[in-house]
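Analysis of the macromolecular model
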Amino acid sequence: MKRFALSPSDPDFVQNPYPFYDRLRAGGKMVFWEDLNLPVVAGYDGVSMALRDNRFGREAPEGFEPDIPAHLRAFYDIEDHSMLELEGERHTRLRSLVLRAFTSRRIKALIPDLEEITNDLIDRFPDEEFDLMPAFAKMVPVRIICRLLGVPEEMSDQLLTWSNAMVAVYTPNRTREIEDAAARAATEFSDFMRSYVEERRSKPADDLITSLIAAEQDGEKLTTDELITTCILLLNAGHEATVHSLGIAVKTLLEQNTPREFLSDDKIDGTIEELLRFDPPLHLFQRWVYEDTSFLGQPLKRGDKIGLLLGAANRDDDTWDDPDRFDPTRKVKQNTSFGAGIHFCVGAPLARLEMRVALPLLFERCPNIYLTEPPVYADTWHFHGLARLRVRT
């Protein structure tokens, strides 16, 4: 297995990771990334197969569970009930119950809310240069999730603070300070959601929390801890990815001088898929190895971990012609941006809908929007998103 070294905090990598991904793919179907201390897969076929292979999974095999330091226990008390981190019957049960509440009908019903939120945010744009990330990309997802859950929108800033603190734990350059902040946020977020869940048990409403409380299958219901974790997961995972998706989408459309016709009703879906393929918001999924086996010609041992590079897979020239070119007319082929297999992102339909509503409205209402400086990505890999996006409208 060939070995490669490059810090994910390297400034050139942060701003453009794709040349390094090309090197990894050229090195073989599986290579070793020394800075992550991890074998990684950068090709589309390998990533797609591993995401669907039950020899690999998110949950640590028995005997290989990592030690949880006391100062992070509050954070992992949330993770312990997350379907994102579970396998087998526990995952199947949780996912089935959540999907009974998080229906396509409920998501589609959010279109008027999304239109209202998007227009309200655009109405507030200043006349001078400003950063579109806090003014638009961060607020569309958090406000719609507040409405979806039934949480007051005036909680948006606090939810963002908690969410940002918690997801920072997943970055390679995390510090003890980041870990302590994540544990505090997990405790405060959990306490808030617990009080809200209890209120909804006595006062049901037309919101997702009430539907999650009512969801039942084969006599099974979500426990309070499972329900709280699910609500936090929907905010953290869905919000984090969609913020970056919206920001990167606007950046890409402006840099590529994309004709506005590709945001029309008959072309927007293909444009969204190409935006997600071209520069996705999440670049790494890790998987535990569940049995001594061989994969892509490499021997693996039970308890090993492998890294699946989603952003790299989406630029594989064995799968897409001229993959480094943004082409909204490209024939749609399933990309890896939302994962695949049993852990395929449950929030993918909502993320696509947010882009489908917000992007055309932004460019319709702000036809002269332009970048005032080169966009800058944040040093937060494996989350791939913009630190700022300065524009004028």
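Let me begin by describing the structure that accompanies this report. (Residues numbered from 1 in each chain as written. Predicted model: local features only at pLDDT ≥ 70, side-chain atom pairs only at ≥ 80, totals over all residues. Heavy atoms only, no water.)

Looking at the overall build of the chain
Keep this limit in mind: A helix here means a DSSP run of H or I that spans at least four residues, while a strand means a run of E at least two residues long, and both kinds are numbered starting from the N terminus. We compute the radius of gyration from the C-alpha atoms alone; for a globule the expected value is 2.2 Å times N to the 0.38, where N is the number of residues. Contacts were defined at the residue level, with two residues in contact if any of their heavy atoms lie within 4.5 Å. Surface exposure here means Shrake-Rupley accessible area, sampled with a 1.4 Å probe, where a residue is shielded only by the protein chains that are shown.
Looking only at helices and strands, the chain features 16 helices and 15 strands. Over its C-alpha atoms the chain spans a radius of gyration of 21 Å, differing by no more than 12% from the 21 Å that the globule rule assigns to 393 residues. A principal-axis box enclosing the C-alpha atoms of the chain has dimensions of 55 × 55 × 40 Å. Contacts in the chain between residues far apart in sequence, at least 24 positions, make up 71% of those at least 6 positions apart. When the accessible surface of the chain is totalled, it reaches about 17400 Å², and 48% of it is carbon and sulfur.

As for the sheet that holds strand S12 (residues 370-371)
The condition is simple: Pairs of strands are assigned from DSSP output, requiring at least two bridges between the strands.
Read across the open sheet, the 3 strands follow the order S5-S15-S12; overall the sheet is antiparallel. In the strand order of this sheet, the two ends are held by strand S5 (130-131) and S12, each with one partner. Here S5 pairs with strand S15 (residues 390-392) via 2 bridges, running antiparallel. Bridge pairing in S15 places Phe-130 opposite Val-391.

Focus on the pairing of strand S11 (residues 305-309)
Worth spelling out the cut-off: Each residue gets one of three labels from its accessible area relative to the maximum for its type: buried under 20%, exposed over 50%, partly exposed in between, using a 1.4 Å probe on protein chains only.
Counting buried positions along S11 yields 4 of 5 residues, so the element is predominantly enclosed. By the bridge criterion, 5 bridges tie strand S8 (residues 284-289) to S11 in an arrangement that is antiparallel. Bridge pairing in S11 places Arg-287 opposite Ile-306.

So, the packing of helix H9 (residues 139-149) against helix H10 (residues 156-167)
The following threshold applies: Whenever a helix is involved, its axis is fitted only over the stretch in contact; in every case the axis is a line through C-alpha atoms, and angles between N-to-C directions fall within 0 to 180 degrees. Throughout this description, any angle smaller than 35 degrees is read as roughly parallel, any larger than 145 degrees as roughly antiparallel, any in the 65 to 115 degree range as roughly perpendicular, and the remainder as oblique. Each residue receives one of three labels: charged for Asp, Glu, Lys and Arg, nonpolar for Ala, Val, Leu, Ile, Met, Phe, Trp, Tyr, Cys and Pro, and polar for the others, Gly being one of them.
For the pair H9 and H10, the least separation of the axes is 10 Å and the interaxial angle reads 110°. By the criterion of interaxial angle, the relationship of H9 to H10 is roughly perpendicular. Together, Met-139, Val-142, Arg-143 and Cys-146 of H9 and Ser-156, Asp-157, Leu-159 and Leu-160 of H10 make up the contact between the two elements. Here the residues of the contact of H9 with H10 are counted per class, giving 5 nonpolar, 1 polar and 2 charged.

Overview of the nonpolar core
Applicable threshold: Buried Ala, Val, Leu, Ile, Met, Phe, Trp, Tyr and Cys residues that are joined via side-chain atoms within 4.5 Å together make up what is termed a nonpolar core.
In terms of nonpolar packing, the biggest core is built from 92 residues, with Leu-132, Phe-136, Leu-159, Ile-209 and Leu-362 touching the most fellow members. In terms of residue count, helix H13 (residues 224-255) provides more of this core than any other element does, 14 residues in total. Look past the residues within four positions of Leu-159 in its chain and what remains in contact with it is Val-142, Cys-146, Val-151, Phe-189, Phe-192 and Leu-235. Counting residues in hydrophobic clusters, the runner-up holds 20 residues, among them Val-47, Val-167, Leu-308 and Ala-340.

Regarding the packing of aromatic side chains
Test applied: Aromatic pairs are defined between Phe, Tyr and Trp rings, using the six-membered ring for Trp, whenever the two ring centres lie within 6.5 Å; interplanar angles under 30 degrees are classed as stacked, those over 60 as edge-to-face, and all others as tilted. Over a ring means this: the NZ of a Lys or the CZ of an Arg is within 6 Å of the ring centre and within 35 degrees of the ring normal.
With the rule as written, the count across this model stands at 20 aromatic pairs. The interplanar angle of 75° and the centroid separation of 5.8 Å between the aromatic rings of Phe-13 and Trp-33 together place this pair among those described as edge-to-face. Taken together, the positions of Phe-13 in helix H1 (residues 11-15) and Trp-33 in strand S2 (residues 31-33) put the pair 20 residues apart, joining distant regions of the chain. Here Phe-13 and Trp-33 have matching classes, each one buried. With 5.6 Å between their ring centres and 35° between their planes, Phe-192 and Tyr-196 make a pair best called tilted. Taken together, the residues Phe-192 and Tyr-196, both in helix H11 (residues 176-202) and 4 residues apart, mark about one turn of the helix. Neither residue differs from the other here; Phe-192 and Tyr-196 are each classed as buried. A network of ring pairs unites the aromatic residues Phe-4, Phe-13, Tyr-18, Phe-20, Tyr-21, Trp-33 and Trp-381 as a single cluster. The ring of Phe-262 carries the charged tip of Lys-267 above its face, separated from the ring centre by 5.1 Å.

Nothing here speaks to function; it is geometry throughout.
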